Amino acid sequence: MIPTRRPTAGLAAWLFLLTIARAETPPAPPSQTAPALTVVTLGDSITKGVRDGVRPEETFAALAERALKAKGINVRVVNLGVGGERTDQALKRLDAIAEPRPQVVTVMYGTNDSYVDPGKDGPRIALGDFRKNLKAIVEGLLLRGIDPVLMTAPREAENAPLNGLGENRNLRLAPFMAACREVAKECRVPLVDHFARWTDAEAKGQSLKEWTTDGYHPNPIGHQDLANAIIPALLEELRPNTPRVPFTTRLDTVLEHDDGKFLWYHPRVTAIPRPDAPENPNVLMTLQKHLNVSDHYSGLSVMRSKDLGRTWTGPDAVAELDWVRAPGDVDVAVADVTPGWHPATGKVLAVGAQVRYSQKGEQLEDQHRSNQTAYAVFDPDSGRWTPWRRLEMPAGESFHLARSACAQFVVEPDGSVLLPFYIGRSAEVPYAVTMVRCGFDGDKLVYREQGNVLTLDVARGLYEPSLIRAGGRYFLTIRNDLKGYVTASDDGLHYRPVKAWTFDDGQELGSYNTQQHWLAHGGGLFLVYTRRGANNDHIIRHRAPLFLAQLDPIRLSVIRETERVVVPERGAELGNFGAAAINDRESWITVSEGLWDKSARERGAKGALFVARVFWEEPKSPVLKSTREALEGGKPVQVVCFGDSVTGVYYHTGGRRAYTDMLGIALRRTYPTVNIVMTNAGISGHTTRDALARIDRDVLRHKPTLVTVMFGLNDVARLPLEEYRKNLGEIVAQCQRAGVEVLLCTPNNVITTGDRPTPKLLMYCDVVREVGQRLNVPVCDVYAELEAQRERDGLAWRLGMSDEIHPNMDGHKRIAETISHAMTGKAVTLADVPLLTPFLPRTAARLKEGQPIRIIAMPPFDGQIRAALKAEAPDAKVEVTPWPMDGKTLSELEQDAKLRIRPATPDLVVIAVPRTAKPGARESFIHDYAWLMNWSLSFGLGGWDCVVVHPSVTAPDHSGENDPLIRQLVRAQDLPLIDRLPGDDRTADELLRDWFRRQPWRE
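Values in this document were obtained by computation on a predicted structure and should not be read as measured data.

1. Description of the overall build of the chain
Inference 1: A tally of helices and strands in the chain yields 25 helices and 44 strands.
Inference 2: Its C-alpha atoms give the chain a radius of gyration of 33 Å, within 12% of the compact-globule value 30 Å for 1003 residues.
Inference 3: The dimensions of the chain, computed from C-alpha atoms along their principal axes, are 105 × 80 × 60 Å.
Inference 4: For the chain, buried positions account for 58% of its 1003 residues.
Inference 5: Pairs at least 24 residues apart make up 69% of the contacts formed inside the chain by residues separated by at least 6 positions.
Inference 6: Carbon and sulfur atoms form 51% of the exposed surface of the chain, whose accessible area is close to 39,100 Å².
Inference 7: Charge centroids of the chain, computed over 122 positive and 126 negative side chains, lie 2 Å from each other.

2. Comments concerning the nonpolar core
Inference 1: Of all hydrophobic cores here, the largest spans 59 residues; its most connected members are V107, L150 and L238.
Inference 2: The leading source of residues in this core is helix α9 (residues 220–238), at nine residues.
Inference 3: Of all hydrophobic cores here, the second largest spans 58 residues; its members include A844, V880, I911 and V947.

3. A look at the sheet that holds strand β10 (residues 313–317)
Inference 1: Read across the sheet, four strands follow the order β7-β8-β9-β10 without closing on themselves; strand pairing throughout is antiparallel. At either end of the open sheet lies a strand with only one pairing partner, and these are β7 (263–272) and β10. Neighbour to neighbour, the strand axes of the sheet diverge by 25° on average, direction disregarded.
Inference 2: Bridging between strand β9 (residues 297–305) and β10 involves three bridges; their strand directions are antiparallel. Bridging from a neighbouring strand, V302 pairs with D316 of β10.

4. Points about the side chain of R268
Inference 1: Along the chain, the position of R268 falls in strand β7.
Inference 2: Within the buried set, R268 has no salt-bridge partner at all; the shortest N-O distance to an opposite charge, 5.7 Å, is to D336.
Inference 3: A polar contact is formed between the side chain of R268 and the backbone oxygen of F577, at a distance of 3.0 Å.

5. Regarding the UniProt feature "domain: SGNH hydrolase-type esterase" (unreviewed entry) in the chain
Inference 1: Per the UniProt annotation, the sites labelled "domain: SGNH hydrolase-type esterase" (unreviewed entry) are residues 42–224 and 641–814.
Inference 2: Taken end to end, residues 42–224 is 42% helix and 11% strand, and its first and last C-alpha atoms sit 17 Å apart.
Inference 3: In residues 641–814, helix accounts for 48% and strand for 13%; the two terminal C-alpha atoms are 15 Å from one another.

6. Brief notes about the environment of G825
Inference 1: Inspection of the secondary structure puts G825 in the loop between α19 (809–824) and α20 (841–849).
Inference 2: C-alpha of G825 to C-alpha of R628: the two residues are 197 residues apart in sequence and 9.3 Å apart in space.
Inference 3: Discounting chain neighbours no more than four positions away, the residues touching G825 are R628 and S820.

7. Here's the deal with the domain arrangement of the chain
Inference 1: Parsing the chain into structural domains produces domain 1 (37–238), domain 2 (258–390), domain 3 (625–824) and domain 4 (841–998).
Inference 2: Measuring from the centre of the C-alpha atoms in domain 1 to the corresponding centre in domain 2 gives 53 Å.

8. A few points about unusual backbone geometry
Inference 1: In this model, T837 is joined to P838 through a cis peptide bond whose omega is 0°.
Inference 2: Take P838: it is sitting in the loop between α19 and α20.
Inference 3: Residue P860 follows P859 across a cis peptide bond; omega there is 5°.
Inference 4: Relative to the helices and strands, P860 is located in the loop between β40 (853–857) and α21 (865–872).
Inference 5: Backbone geometry places R188, a non-glycine residue, at a positive phi of 55°.

9. A few points about the packing of helix α13 (residues 688–698) against helix α15 (residues 721–737)
Inference 1: In contact at an axis separation of 9 Å, α13 and α15 are set at 20° when each is read in the N-to-C sense. Between α13 and α15, the crossing angle belongs to the class labelled roughly parallel. The two elements α13 and α15 meet at a crossing, and its hand is left-handed. In this structure, α13 uses T688, R689, A691, L692, I695 and D696 to contact α15, whose residues at the interface are E723, Y724, N727, L728, E730, I731, Q734 and C735.
Inference 2: Its residues assigned to classes, the contact of α13 with α15 shows seven nonpolar, three polar and four charged.

10. Concerning the packing of aromatic side chains
Inference 1: Summed over all chains, the structure comprises 27 aromatic pairs.
Inference 2: Aromatic side chains W501 and W518 sit 5.9 Å apart centroid to centroid with 55° between the ring planes, which places their arrangement in the tilted category. Taken together, the positions of W501 in the loop between β26 (499–500) and β27 (517–521) and W518 in strand β27 put the pair 17 residues apart, joining distant regions of the chain.
Inference 3: On the numbers, 5.0 Å between centres and 45° between planes, the contact of Y724 with Y764 is tilted. Pair noted here: Y724 is in helix α15 and Y764 is in helix α16 (residues 758–775), with a separation of 40 residues, a long-range link.

11. What to know about α15
Inference 1: Helix length check: α15 (17 residues) gives 24 Å between terminal C-alpha atoms against 24 Å at 1.5 Å per residue, within 8%.
Inference 2: Along α15, the residues classified as buried are L721, Y724, R725, N727, L728, G729, I731, V732, Q734 and C735.
Inference 3: At the exit of α15 stands G739, carrying a positive phi of roughly 75°.

12. Topic: the state of the cysteines
Inference 1: Taken as a whole, this structure holds zero disulfides when the rule is applied.
Inference 2: With no disulfide of its own, C187 lies closest to C180 among cysteine sulfurs, the gap being 10 Å.
Inference 3: With relative accessibility at 1%, the residue C187 sits in the buried group.
Inference 4: The thiol of C780 is not disulfide-bonded; the next cysteine sulfur, from C745, is found 4.6 Å away.
Inference 5: Take C780: its relative accessible area is 2%, and that puts it in the buried class.

13. Points about the pairing of strand β35 (residues 637–643)
Inference 1: Taken across its seven residues, β35 has seven buried, putting it largely inside the fold.
Inference 2: Residues V637, V639, C641 and G643 line one face of β35 and the alternating positions Q638, V640 and F642 line the opposite face, and both faces are buried.
Inference 3: For β35 and strand β36 (residues 676–682), the ladder comprises seven bridges, and the chain directions are parallel. From the neighbouring strand, C641 faces β36, where its bridge partner is N680.
Inference 4: Following the chain from β35 across helix α12 (residues 659–670) to the adjacent parallel β36, one finds a crossover that is right-handed.
Inference 5: Judged from the five bridges that link them, β35 and strand β37 (residues 706–710) form a sheet pairing that is parallel. Residue pairing in the sheet places F642 in a bridge with V709 of β37.

14. Section: the side chain of E156
Inference 1: With respect to the helices, strands and loops of the structure, E156 is situated in the loop between β4 (147–152) and α7 (169–187).
Inference 2: Within the structure, the side chain of E156 is placed 2.9 Å from the side chain of R169, a separation counted as a polar contact.
Inference 3: Ignoring any residue separated from it by four or fewer positions in sequence, one finds E156 in contact with T111, R169, N170, L173, L208, G215 and Y216.

15. Details of the environment of V828
Inference 1: Structurally, the position occupied by V828 is in the loop between α19 and α20.
Inference 2: Note on V828: relative accessible area 18%, which makes it buried.
Inference 3: Residues V828 and E817 lie 11 residues apart in sequence; the distance between their C-alpha atoms is 6.1 Å.
Inference 4: Sequence-distant contacts of V828, that is, excluding residues within four places in its chain, are made with A666, R669, T670, E817 and S820.

16. Some points on the sheet that holds strand β44 (residues 977–978)
Hydrogen bonding along the main chain pairs the strands of a sheet, whether they run parallel or antiparallel.
Inference 1: Taken in spatial order, the five strands of this open sheet run β41-β40-β42-β43-β44, and their pairing is parallel. Only two strands of the sheet have a single neighbouring strand rather than two, namely β41 (878–882) and β44.
Inference 2: In this sheet, strand β42 (residues 908–911) lies alongside β40 in parallel orientation, the contact comprising three bridges. Each residue of the ladder has a partner; that of I855, found in β42, is L908.
Inference 3: Across the sheet, α21 is in contact with β40, β41 and β42; its angle to β41 comes to roughly 160°.

17. What to know about helix α11 (residues 625–632)
Inference 1: Taken together, the buried positions of α11 are occupied by T627, A630 and L631. Relative to the axis of α11, the buried residues are bounded by an arc of 100° and lie together on one face. Those residues of α11 that are exposed and angled more than 90 degrees off the buried face are K625 and E632.
Inference 2: Those residues of α11 hidden inside the fold are in contact with β35, α12, β36, β37, β38 (741–745) and α19.
Inference 3: In the stretch just after α11, G634 is the one whose phi turns positive, near 75°.

What counts and how
- Residues numbered from 1 in each chain as written.
- Predicted model: local features only at pLDDT ≥ 70, side-chain atom pairs only at ≥ 80, totals over all residues.
- Heavy atoms only, no water.
- Helix = DSSP H or I, 4+ residues; strand = E, 2+ residues; numbered from the N terminus.
- Rg over C-alpha atoms; globule rule 2.2 N^0.38 Å.
- Buried < 20%, exposed > 50% of the residue type's maximum accessible area, 1.4 Å probe, protein only.
- Contact = heavy atoms within 4.5 Å.
- Areas by Shrake-Rupley, 256 points an atom, 1.4 Å probe, with all protein chains shown as cover.
- Lys, Arg positive; Asp, Glu negative; His and termini not counted.
- Charge placed at Lys NZ, Arg CZ, Asp CG, Glu CD.
- Core = buried A, V, L, I, M, F, W, Y, C linked by side-chain atoms within 4.5 Å.
- Pairing = 2+ DSSP bridges.
- Axes fitted to C-alpha atoms, helices over the stretch in contact; angles between N-to-C directions.
- Salt bridge = Lys/Arg side-chain N within 4 Å of Asp/Glu carboxyl O.
- Polar contact = N/O pair within 3.5 Å; in protein donor to acceptor, adjacent residues only side chain to side chain.
- UniProt positions renumbered as here; feature names shortened; annotations may be inferred.
- Domains from an automatic or database assignment.
- Parallel < 35°, antiparallel > 145°, perpendicular 65-115°, else oblique.
- Left-handed = near helix turned anticlockwise from the far one by under 90°.
- Nonpolar A, V, L, I, M, F, W, Y, C, P; charged D, E, K, R; others polar.
- Phe/Tyr/Trp six-rings, centres within 6.5 Å; stacked < 30°, edge-to-face > 60°.
- Expected span 1.5 Å × (residues − 1).
- Disulfide = S-S within 2.5 Å.
- Right-handed = clockwise from strand over helix to strand, strands pointing away.
- Arc of directions from axis to C-beta.

In structure tokens form, the structure reads like this:
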């Protein structure tokens, strides 16, 4: 439902013509063979290419077509370059460019726009106008359902002619190319940066004269380089790489009602989890009576099911959600309601459009901000609803009309709610769409912030948006009177310009003037929609049957071959529906039949309320066939673990080994006779961008059998989500080209910090899963495994973390167990893996070499350690620096370690925190003690030794409340511990000497 506009003659005529036109232009039927994809290359003479010295088959367009066909892509590349063309001229021929129905258009301009003619003091097109034109080209292509790929023009050679001011033309061209990059980033479309590529080549000694005919037009060599740069981007856009998620459906009829007085309408459901039966949630359905006047609805009613829809209660009217009588005989109601579960508060949040009705059922806009958004809250524990309350929006005329209606919304991991809105000054102007983030505490919904505004000055604009989060991205489908539109976002608030819905063959989807909604499962994204072209011209606005189809989440198109009818057409319209996940195995689509005339009943419609149940069939997970065959066949196996500081060997795990070593132990325990070589390729601070720069040197040169890839904790802080996605795909591609199997790993879970908030990290984990599913590469879900442990036993998980983001050795053992299981399909435990011996390798080596040993020790061991060492090596040269306590708290000692130890670069550190060092609460104690050990170790591999002395050694009463925690923390850090066993009454000095006596100094 949208606000009613004044029924002007012009609008009525327009709506009539719209209906007729849409009925006469159904989309083309699906092809019997895979249709050829089409790419158009749009640009100036550089794109056109043909000139003296360059034949048509030597242009980058022709070269790209041949290369894509060689890679199995059924494609034609149509070259529509025009010599001398500028962006303002290109804008005028977008309709002609769309005539070949391309899926992708490459756009390359700037050489002519930036040129300064003789006698002029500025470029042909001002830089600001160039930027506006380029953005308008991108938006115009998307509105036509075409994916743009922006390209910078190549840098010109040193022999290129000067411009009209006698300048090197690159001086003017460079800022135009910077603007091109800005537009690509703003509009979130792919960019091929020829200018940067040619600039880099020239800096490395390549003469660009050798790549051009005249200094700026590419010759065949130059065109080949342009093609080489374009092909990966086109492959990303064109290659069919969306694994299918199979499903079956079943249609249930919940009720039938057709008494001529009202119809049940707008049924939408939400699942309410049951802790005792997660696969069998309670289901709450909201619905309303349509009172046989256009968009005139009753108060809200509910139905409930405790057995997955086999039986239902209701419909039952909810008194708190009924009409409210306002002065002037106006009924205030809330319609177009969508309920959703809010996990953080355990409540159901219902959101809909506030509407004011006259006594005749007409929608009124008789007050300031008549058309707003309202919400109500249901408490499953008490079974009670709150009354409707209005969501207060910011001041300003853009929110005079502000509705989140018929809208799927997203509850973020932090509990905030993303609500898609359509907004405007009034119902008389085209609507716009924006995303609003709200806070929700279980009672009150509060506006927090707003994203960018999406506009379309066509008919009534953009309205009734619906939102879903999937694969680390956010997807928004939007209604317009002429077409449906789609857009996507990486952060949930800011969306690229809208793109018209199409099938994957480039044909228009045919969904118009009605809503669409989403489902997602197993890495697959699905659209629920109606469309014309289904023998349904007798249905108003072609609003039946109801279809479900999987999407290509990169191209944002509907995969035609997956389309299925989920609710058949029986003469009634099915335009106002809902879609929701119910459990891990099924989702529901809910809709009621709209009976508006006798013919609908004659065709079989009965005013039914349907639940179309979608049952997801889990696809078989890819397996590491070659790796498993080698392991099971006793062949040599080389594994490279590729990652950042979590993968590398650093202080978090004691500085001597990490999960790579633990994985080797796990594999040898599973396959005792196999020769397994493990290589650690983890480097602190690295992102997937850094990984691509060193993959040949650090990974592929080892010729591994398998590469495990675990990046993300630095990417989440530094790289955009889309770059992370592309980089992961390129890492996989490079490994596969080298004949190497890949196991993608999600990063570990963390304690939220400013740079690495858990909600954002979850998005990056979703990308790993999506890339794995799309490329048919197995994924080891380290995040999910560790998060499950945190939910089961929060303390055990916390004790497996060395700091906020890095697991210690206990955490690394869990990571290795998880990866080993993903590789082999077999469980293994590493809890019993002992410390490496010798415990003090640096000290032992310096004793053997007769080198002095520099020790930093806490009291009383600063006075005892020399004698203990000399008892084992009388000739040892021992230099002891006391680490004074001075009554410091544990937190102060941790800070002292930060300032004291690493600058001193000792050979051995002795930590002996007494019980008198006042600890804080348990979390503070864990944090401070772990960081005390962290700061007492060198940053990376090959540093000094560290040993911890338990407080019971100096105070043998075992009375410390944190004594067990210390033992767990030291063991988890993979450090040696000098401890006192129960019943041992020796002095601290004797225990110290005995411990040193048992070390293998002479091995």
